[in-house]
Every structure is written in C-alpha cells, then in structure tokens.
Amino acid sequence: MSDATQVPSTAAAVDAAPTGVEDVRTGMSANALRQAIEDHLRYSLGRPAALLEPKHYYRALALAVRDRMQQRWIQTTQTYLDLSRKVACYLSAEFLLGPHLGNNLLNLQIEDQARTALAALGQDFDEVLACEEEPGLGNGGLGRLAACYLDSLATLERPAVGYGIRYEFGIFDQEIRDGWQAEKTDNWLADGNPWEIVKPELSYRVGWGGHTEAYTDERGKYRVRWVPQRAVKGVYYGTPIQGYGVNTCNTLTLWSARAIQQLALDAFNAGDYYRAVDEQVVSETVTKVLYPNDQPEVGKQLRLAQQHFFVSCSLQDILHLLEDFAGLPVRELPNRVAIQLNDTHPSIAVAELMRLLVDERHLDWDEAWPITVATLGYTNHTLLPEALETWPLSMFERFLPRHLEIIYEINRRFLDEVRARFPGDDDRVRRMSLIDEGGDRRIRMAHLATVGSHAVNGVAALHSELLKTTVLKDFYEMWPERFSNKTNGVTPRRFVALANPGLRKLLDETIGQGWLRDLDRLRELAPLAGDPALQQRWRAVKRENKARLSDYILAQTGIGLDPDWLFDIQVKRLHEYKRQHLNLLHILTAYHRLKQHPNLETAPRAYIFGGKAAPGYTMAKLIIKLVNSVAEIVNADPDVNDRMKVAFIPNFTVQNGQLIYPAADLSEQISTAGKEASGTGNMKFMMNGALTIGTLDGANVEMREQVGAENFFLFGLTVEGVHRVLAEGYRPRDYIGQNDELAAILSLIAEGRFSRGDTEVFAPLIANLTNHDPFLVIADYADYVRAQREVSSTWQDTEAWTRKSILNSAHSGKFSSDRAIAEYSDDIWKIAPVTIGPPKG
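Keep in mind that what you see is a predicted model, and the values were worked out from it rather than measured.

Take the overall build of the chain next. Scanning the chain from terminus to terminus reveals 35 helices and 22 strands. Across its three principal directions, the C-alpha atoms of the chain cover 95 × 80 × 65 Å. Scored against the burial criterion, the 841 residues of the chain give a buried share of 59%. Within the chain, counting contacts between residues at least 6 apart in sequence, those at least 24 apart form 76% of the total. Taken as a whole, the chain presents about 32700 Å² of accessible surface, with 50% of it coming from carbon and sulfur. With 91 positive and 109 negative side-chain charges, the chain shows a separation of 1 Å between the mean positions of the two kinds.

Following this line, the structure appears as structure tokens:
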C-alpha cells in the first residue's frame, strides 16, 4: 500500500475531526463535560443510576477534569525533556494541597461549564464539590506554602517538580469533646484519590541500617559500599498541577513505601501468617502517618526513616531522569536541576546526594562536592531552637551508617576551612560544627543544609536578618554571598478567587480581569478606596462572607453569630509563641468590663478561633480547652452575649479556611516579636480585606510597610525590646502587680470561674504565665488591650473601616506566591519560563 492510501493514525484522525465536534475526554464545553461525567459514571465507576449519590458525581467530574489535564501534563513533561530545560525540584515533607477539583476547574477556566454540566444532570455544583476529601498532607504553613509554590510555578510556566511523601493517613482530624481536642485518624484515601496516577514500574530501593565495607575499585581507588540490613521500595504517585490560564501542567511526585518482597511464601505455607506479611507491614509503616509522635524513640526513628526515604527516592528519580531520559552525564546536574530543601526535613539530601555520586557513580569527592553544593538550595523556616532539627549521632550510626561517615568527612573538610578563615577561634569551630558535641552528641541538620547548599534564604525580611545575626550568624560571616531573603507568598487563585467569589466578581468589574496573574494590579483599588459606591458593594461582599461562615459555625458548633458584628479571627496552629492565650486575656478583659459595667458602650464582636495542637503538646491543648471553656460561659451569659460571643471552629483545614479568611474583619497576628518566621495566614486575611492587629514580627513588618502604619493596629515589644526585657531579668509577676485588671482576670481563671469550679485544670497555664511566661504574654498584655480599644473605636466609623479594608487588599500584591516564585526562579534556581503549546487534538 502506498503512503498516499494508508489509513490515518488515531492522532491524525482526531486532528482531522470536523470542526465543532468535541472529544469526550478533552472537550471544554458544558456538553462535552456532561458526556464525560456520564461516561465515567458508567465505565469508571460502574454505578447504576438508582445508586448514584453526589460523591459519585464528584468522582466522575474529577476524572473528567483530570482527562482534560492529561494531554497538557504529558506535553509539559515531554517539552521539558525535549528542550533539556533546567527544572526546579522542590523537596518538602509536607504539601497541604487543599481540595483539587475547584482549583483545577478555576485554572482550566471551566467553572461555569462544570456548573452547567452538573445542573443538566440534576446535581448541585457546590454539594458535589463539598464531597472531596481534603488530602491532609501537611501540618500548617510550611505545607500550605509548598502547595502555593507549586501553583505559582505552573502558572508562571516555570519547569518544576514537587517531591514529597504520600502519607496514607494525613494530619489528624480534630474533634472537640468537652472542650478538649481529640485526635481522630484522617483516612483521606478511604475512597481513593482520583487525581493521582500510580506507576508501579517507577520505583526505587531505599536502604536502612546495616554496615559499610571499604574496598578498592578496578582503578585502585579507595571506595566504600553500604550494605543495608533491610530495604524498602518507594513507588511513584504522580499528581498533575495545572497552571492558571496556561497549558503548563507540572507534576507533584509523592512516594509510597512498599515491601520489596510482599509475601514470605515459605512462612505462609508453614502457617506462620504473621511472619508471612511482616516485611510488608514494616515497610509500609514508613509512609503510614504524617508526623508520627516522636516523643518515644521509635517515633524519632520513624521520622528519620521518612525523611531519608523520600529524599533518597527523589534524588534517585532526578538522576534517573537526567541520565536515562535526558541522556546527560551526572556532571551536568547543577546546569539542569535546582533542588530546593524546604526547611531541614529534607536536609539529609546533602549526604545522600554525595553517597549517590561518590559511592554509586564513583566520582571523586572533590568533584562530587561542588556538584552537590551547586545543585542544592536551603530555605530556613524557623528561629525556634526546638524546631531546628537535630538527630542523635547514635541513631545515624545505627540506621544510616554510610551517611554518618559522609557527614563526618563533610565536617572535617568544612572545619578545616573555618580554621583557615578564622585561625585560633576554637569557639567558632565548636559553634559551626555539624556535630553538637555537648552531652548526647547530635547532628545539626540546619548546619548540614547550610554547608551543603549554594543558597540559603529566610522567608521574610525580618526573619532573614535575624538568621544572619542569630542562629546562622557564623555561617553568614563566612559566606555572606549565599544568604538572601525570599518573603513568603500565597496563591490568589485559591485564597481570593476560589475562597471569595463575591470579591473576585467585584474586582473583575472594578479593575478588570488579569489581576489573578498580576496581583500588583490591586493597587488600582487604592484611589477608589473612599468611593461610597465601591464601599457599599465591598461591605455587601464582606457581609455575605460572614453570613456564610456564621452558617458553617452554627452547623459545626451550635453557636450562632451575628454577621453584622465585628469578626475577630485567629486561626493557625496552636503554639505558645503564636499567643492564642494573649487573645483570650483580652476577651476575658472585655467580659470582665461588661460584667462590671453593664451599660458600657462597646462594639459587638465575635471572637473566632481555629487550629490544631500537636498531640503531645500539653500546653497548646490546654489553651484550646480554655478557649472552649470561656466560650461556654460567655455565650450563655445574658449580661454579655448580646455584645460578645466566642467560637472555636474544629478541624481547621484548607477547605474551611476558604470560608474563614474572606469573613474576617480583624486578623490576629500576635506572635512574640522574633518568633514567627513569616506567617502566611496573615497574607490570606489581608488579600481578603481584613485589617491586622499584630506585632512587628515575620511578614507583618512588610505588610505594615505596604499598607501604611495608619491601616495596621500595631502593639507590643519589638525584637530589640524582647531581648532587652529578657536581659534585664523578666518577672511577669511585676507586670501583674501593676495591673489590677490583669490580676483580676487571671484570678477568675485560677478560681475555676471557667472550669465549673475546678481550680486544678488551668493551674499549669496560670503557673506558666505568672512564673515563667517564655513568650512575654504578660509583658505585651497592656499594649495589646490598648490596640484593641483602637480597633473598637475604628470599627464604629463604618466608612473609615471600609476604606482601610479596601486599602489592605489594594496593597497585598507583594504577598502573591507568584512574586515569591519569580524571585526564587530568577535569583536562586536560574529557571526560565517555558511556554507549552495548546494540547494536541
């Protein structure tokens, strides 16, 4: 048969299809989506019509949307490989993604089509979206930031892959029982995950334990091999990350641990069924749970195993793509790949990459080390000593013996360099060592990441400066060129467009479309902030959002809130440095004043909290109990409950966060100065028009600079003030003795007023505040109460408050994750945009 008469290929036939005929897997119209949903209900789910529920329509729609991303996903990956473009690889132990469906519909710009398609099938769009189980693969800001960065990388068309862990059980679901937090298993995979694609053939072996052996290779060179005691297999699960309004669809790769041999047949045949599956059970434990309790020794071992597991899988995958797919030598790694370590969790990558280069690819140390340093970058997220990971040296010796040898060698060479630069400064050598020699010898993972990376950054201007002058001061003095600041950002797609559709519509009509890709355009609102018509529409949007949140809180807690009141909100992880208890002291002050002076004029206010405490963090859980105990008394007291109420929203997630952020009038960002690296919740509130009450901490500093001091409620000690107070010998009792009102409300708690007469339950919290107060709650109390009076006064002037609200949104553009990712890409990774053409067919 001649070429002219050959039957066309499937692809050619699709390309030759008549104009206007849409493929059921790729068509973007409402009709094509409807047909796709029906097809998936029939062929993928196999459900008869009589048994269909909204959750089945969710899954069918999710699969239909994934179909529409598939060609973009394949095309994006193929383009990166064809062009040999440099790719950013973002290593993070957490990716708090939030629900996928709404985000993907938004980014594909087919929300209206999906709504129409579901309506044609007799389904409510919002009810179907609510069926999605949120993947709780993160604890808070760190994981949410990683998810925002993936969204921005795809939207800005920057080649990138995210690498993390596919935890079978995510961050726990929080229930409130008698005011206390109770943890419940987050079985987010119970009904499967329609967004991911597993590739069992793409797996990597990861060792654990054992010993090392020295030998001489065929060239007569000294070599070391690691002989692990056991090994697990890391299996690839890929999730598409679609950019907004572009064809770029990047990849999130999550690794799941599997046994190399899943069934010991000899044990099974002998009737020893437990031993037959022991290997499988032990292996799969590695990725079973996000953040296992690491108070016991076995918990610490599992945390270390998780970190090593996902880092090793990711590095092996990166080298596989470089060498086997791109056909490039390993020496090209820094020119083709930029690996970013999101905090210290993946910092074992320094030692693991050296092992892969020296032991497995037989590079000399002096060649492998510059490759490693040039490839890796490190983002530090904390100044808290307890959050700067260290691992017992004995644990490394037992479970990662080869990595310990490599760390010893890195440290030896590094400290020789320190001695050459700073001769005779033995104290500096001790401080900078990768090994803390005091007491139980420990490996300092932040030091390892800093030494093994060519770039080190903090996540807010203040935080980056404090890094240089405190925890990494010695390293900054040695390598000032390595350090920079990259202030965090959040994606406006999820946290404005998805979370606040009323504001999205108002912005589109006021400043025109395009701001979702260029958030600096919100500045066009500033000259209009005093316009009465805009203010009226602005308030209407805010009230609608508050009514929506009020309905949710009533359904979840039984507490009714008035949407016309001031909504004062603090939602974030429960931690003493974030000072939810300072917020509570102000609430109790307002309560005490109203009880003392029933006719006191005050702005009615709803105080709303949300956030999870780590299961082993006793003080944080006690604060949650106090919030709920105060709510129980205040909300039932007819003397005050027409002017104040308190609510704790259980199980704070990305999903209910999308209800919470748009509803806030006042955002509580009240951490002790110098303790919060950046914060990202503060940015989400600001974008949605909340005013902030806060300290000069983290990104608050830059937010206040952007919006102007007159539009920010500032209080509290500065970083310098905190240091001064502590240096002078801080005594919280002195402050209490000078403030009768503070003494009175502490007495109310201590006497059991909020614990049904039980004087013991909150005794540890009172003792902590009066005797130690490590986060200076008492020192900042009086100024906080003053700032809250200013809040109440400003709220009384509706036009002034609305103007400030508009200006907060107008000046939030800097805090888009698009800006942050452009800075990472241009300054650290050197990653250029790559335009992906329209999907074929």
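This part covers the UniProt feature "modified residue: N6-(pyridoxal phosphate)lysine" (unreviewed entry) in the chain. What UniProt calls "modified residue: N6-(pyridoxal phosphate)lysine" (unreviewed entry) maps, in this numbering, to Lys684. By the element assignment, Lys684 lies in helix H27 (residues 681–687). Classification of Lys684 by relative accessible area gives buried; the value is 5%. Once residues within four sequence positions are removed from consideration, Lys684 is found in contact with Arg144, Val490, Phe495 and Tyr661.

Let us now look at the sheet that holds strand E17 (residues 566–571). Across the sheet, six strands lie side by side as E19-E18-E17-E20-E21-E22; this open sheet has parallel pairing. The sheet terminates laterally at strand E19 (644–649) and strand E22 (713–714), the two strands that pair on one side only. Bridging between E17 and strand E20 (residues 666–669) involves two bridges; their strand directions are parallel. Looking at E20, one finds that Asp568 is bridged to Leu666. Across the sheet, helix H25 (residues 618–636) lies against strand E18 (605–610) and E19, angled at about 145 degrees from E19, the strand it touches most.

So, about the side chain of Gln301. Along the chain, Gln301 falls in helix H11 (residues 297–325). In contact with Gln301, other than residues within four places in its own chain, are Trp208, Met395, Arg398 and Phe399.

To continue, consider the nonpolar core. In this structure, Phe396 and Trp829 are the most contacted members of the largest nonpolar core, which totals 207 residues. Three or more residues apiece are contributed to this core by two domains, here domain 1 (23–83 + 106–133) and domain 2 (494–513 + 531–730 + 777–821). Residue contacts for Phe396: discarding those within four places in its chain leaves Leu304, Ile348, Trp391, Pro401, His403, Leu404, Ile407, Ile443 and Met445. Grouped together as the second largest cluster of nonpolar side chains are 55 residues, Leu503, Ile553, Ile559 and Val654 included.

Turning next to the pattern of salt bridges. Under the defined criterion, the tally for this structure stands at 60 salt bridges. The partner of Arg504 in a salt bridge is Glu111, and the shortest N-O contact between them spans 3.0 Å. Taken together, the residues Arg504 in helix H22 (residues 501–511) and Glu111 in helix H5 (residues 111–120) connect sequence positions 393 residues apart. Considered together, Arg504 and Glu111 belong to a single accessibility category, that of buried residues. Note that Asp436 is salt-bridged to Arg444, the shortest N-O span being 3.6 Å. Asp436 sits in the partly exposed class, given a relative accessible area of 29%. Through salt bridges with shared partners, a single network forms among Asp425, Asp427, Arg428, Arg430, Arg431, Lys473, Asp474 and Glu477.

A word on the environment of Arg421. Checked against the element boundaries, Arg421 lands in helix H16 (residues 401–421). Remark: the alpha-carbon pair of Arg421 and Gln570, spanning 149 residues in sequence, is separated by 47 Å. Not counting the four nearest positions on each side in its chain, Arg421 is found in contact with Glu477 and Met478.

Running from amino to carboxyl end, helix H2 (residues 30–44) crosses H5 at an angle of 55 degrees, the nearest separation of the two axes being 8 Å. As far as their axial angle goes, H5 and H2 are oblique. Read as a crossing pair, H2 and H5 show a hand that is right-handed. Of the residues in H5, those touching H2 at Ala30, Leu33, Arg34 and Ile37 are Gln113, Ala114, Thr116, Ala117, Leu118 and Ala120. Of the residues assigned to the contact of H2 with H5, the class counts are seven nonpolar, two polar and one charged.

This brings us to H25. Under the 1.5 Å per step criterion, the end-to-end length of H25 is 27 Å for 19 residues, consistent within 8% with the ideal 27 Å. With 15 of its 19 residues buried, H25 lies for the most part within the structure.

Once the domains are mapped, the chain shows domain 1 (23–83 + 106–133) and domain 2 (494–513 + 531–730 + 777–821). Taking only C-alpha atoms into account, the centre of domain 1 sits 37 Å from that of domain 2. Each partner contributes to the interface: domain 1 provides five residues, whereas domain 2 provides four residues. Of the roughly 320 Å² buried where domain 1 meets domain 2, counting both sides, 46% is carbon and sulfur surface. Taken as a group, Leu106, Glu111 and Glu132 account for 86% of the area that domain 1 buries against domain 2, more than any other trio of residues on that side. Here domain 1 and domain 2 share one salt bridge between them. Along the contact surface separating domain 1 from domain 2 lie one residue pair in polar contact (both at pLDDT 80 or more). Across the side of domain 1 that touches domain 2, the residue classes break down as three nonpolar, no polar and two charged.

Turning our attention to the sheet that holds strand E12 (residues 390–392). Sheets are built from strands that pair by backbone hydrogen bonding, the pairs being arranged parallel or antiparallel. Taken together, three strands build an open sheet; the order of strands is E12-E14-E13 and the sheet is antiparallel. Lying at the two open borders of the sheet, with one neighbouring strand each, are E12 and strand E13 (435–436). Looking at chain direction, E12 and strand E14 (residues 442–444) are connected through three bridges and run antiparallel. Bridge pairing in E14 links Thr390 to Arg444.

A separate point is the side chain of Lys86. If you trace the backbone, Lys86 turns up in the loop between helix H3 (54–83) and strand E1 (87–91). In this structure the side chain of Lys86 is engaged in a polar contact, spanning 3.3 Å, whose partner is the backbone oxygen of Pro334. Here Trp829 takes part through its backbone oxygen, which lies 2.9 Å from a polar atom of the side chain of Lys86. When residues no more than four places from it in sequence are discounted, the contact partners of Lys86 are Pro159, Pro334, Asn335, Arg336, Val337, Ala338, Trp829, Lys830 and Ile831.

In this structure the tally under the stated criterion is 18 aromatic pairs. Between Phe414 and Phe475, the aromatic rings sit 5.9 Å apart at their centres with planes inclined by 5 degrees, giving stacked as the arrangement. Placement of Phe414 in helix H16 and of Phe475 in helix H20 (residues 473–478) is noted, with a sequence separation of 61 residues between them. Relative accessible area serves as the criterion here: at 3%, Phe414 is assigned to the buried category. Overall, the relative accessible area of 1% leaves Phe475 in the buried class. Summarising the aromatic geometry, the rings of Tyr824 and Trp829 are spaced 5.2 Å apart at their centres and angled 25 degrees between planes, so their arrangement reads as stacked. Residue Tyr824 is classed as buried on the basis of its relative accessible area, which comes to 0%. Take Trp829: its relative accessible area is 1%, and that puts it in the buried class. By the ring-pair criterion, three or more aromatic residues cluster together here, those being Tyr90, Tyr149, Tyr824 and Trp829.

Reading guide: rules and limits
Residues numbered from 1 in each chain as written. Predicted model: local features only at pLDDT ≥ 70, side-chain atom pairs only at ≥ 80, totals over all residues. Heavy atoms only, no water. Helix = DSSP H or I, 4+ residues; strand = E, 2+ residues; numbered from the N terminus. Buried < 20%, exposed > 50% of the residue type's maximum accessible area, 1.4 Å probe, protein only. Contact = heavy atoms within 4.5 Å. Areas by Shrake-Rupley, 256 points an atom, 1.4 Å probe, with all protein chains shown as cover. Lys, Arg positive; Asp, Glu negative; His and termini not counted. Charge placed at Lys NZ, Arg CZ, Asp CG, Glu CD. UniProt positions renumbered as here; feature names shortened; annotations may be inferred. Pairing = 2+ DSSP bridges. Axes fitted to C-alpha atoms, helices over the stretch in contact; angles between N-to-C directions. Core = buried A, V, L, I, M, F, W, Y, C linked by side-chain atoms within 4.5 Å. Domains from an automatic or database assignment. Salt bridge = Lys/Arg side-chain N within 4 Å of Asp/Glu carboxyl O. Parallel < 35°, antiparallel > 145°, perpendicular 65-115°, else oblique. Left-handed = near helix turned anticlockwise from the far one by under 90°. Nonpolar A, V, L, I, M, F, W, Y, C, P; charged D, E, K, R; others polar. Expected span 1.5 Å × (residues − 1). Buried area = accessible area lost by both parts, 1.4 Å probe. Polar contact = N/O pair within 3.5 Å; in protein donor to acceptor, adjacent residues only side chain to side chain. Phe/Tyr/Trp six-rings, centres within 6.5 Å; stacked < 30°, edge-to-face > 60°.

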